[in-house]
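Architecture at a glance
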Amino acid sequence: MNTNGEYIRMKAQVAVLKEIGMDHGGMTIDSIIRQLETRVREMEEGEL
């Protein structure tokens, strides 16, 4: 049985994935992950 917290988390994940899908149409999930990880690293380096 799923808890209310699990339901809310899943709904949030779906919303995020839909947003990513709109921003990165035609890319595989691996490509999207690599691109997002690169952007995160760039942002982290910019803060130093």
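Let me begin by describing the structure that accompanies this report. This is a predicted model, so every value here is computed, not measured. (Residues numbered from 1 in each chain as written. Predicted model: local features only at pLDDT ≥ 70, side-chain atom pairs only at ≥ 80, totals over all residues. Heavy atoms only, no water.)

**So, a nonpolar patch on the surface**
Note the cut-off: Two joining distances apply to patches: 9 Å for like charges and 5 Å for nonpolar side chains (Val, Leu, Ile, Met, Phe, Trp, Tyr), and every residue must have over 30% relative accessible area and no salt bridge. Shrake-Rupley sampling with a 1.4 Å probe provides the accessible areas, and residues are treated as covered by the protein chains on show and by no other component. Salt-bridge detection follows one rule: a side-chain nitrogen of Lys or Arg within 4 Å of a carboxyl oxygen of Asp or Glu. The numbering of helices and of strands both runs from the N terminus, where a helix is a DSSP run of H or I of at least 4 residues and a strand a run of E of at least 2. Each residue is placed in one exposure class: buried if its accessible area under a 1.4 Å probe, protein chains only, is under 20% of its type's maximum, exposed if it is over 50%, and partly exposed if it falls in between.
A surface patch of nonpolar side chains, about 280 Å² in accessible area, is lined by L17, I29 and I33. Tracing the backbone shows L17 in helix 1 (residues 4–23). A relative accessible area of 52% places L17 in the exposed class.

**Details of the side chain of H24**
Just so we agree on the cut-off: In what follows, a contact means two residues having at least one pair of non-hydrogen atoms within 4.5 Å.
Residue position: H24 is located in the loop between helix 1 and helix 2 (29–47). The class for H24 is buried, based on a relative accessible area of 9%. If we ignore the near neighbours within four places in the chain, the residues touching H24 are I32, Q35, L36 and R39.

**A closer look at a negative patch on the surface**
Applied cut-off: Charge assignment: positive for Lys and Arg, negative for Asp and Glu; neither His nor the chain ends contribute. For charged residues, the charge sits on one atom: NZ in Lys, CZ in Arg, CG in Asp, CD in Glu.
Together, E42, E44, E45 and E47 make up a negatively charged patch on the protein surface. If you trace the backbone, E45 turns up in helix 2.

**Looking at the environment of R41**
Among the secondary structure elements, R41 is positioned in helix 2. A relative accessible area of 44% places R41 in the partly exposed class. Through-space distance from the C-alpha of R41 to that of M10 is 26 Å; in sequence the pair is 31 residues apart.

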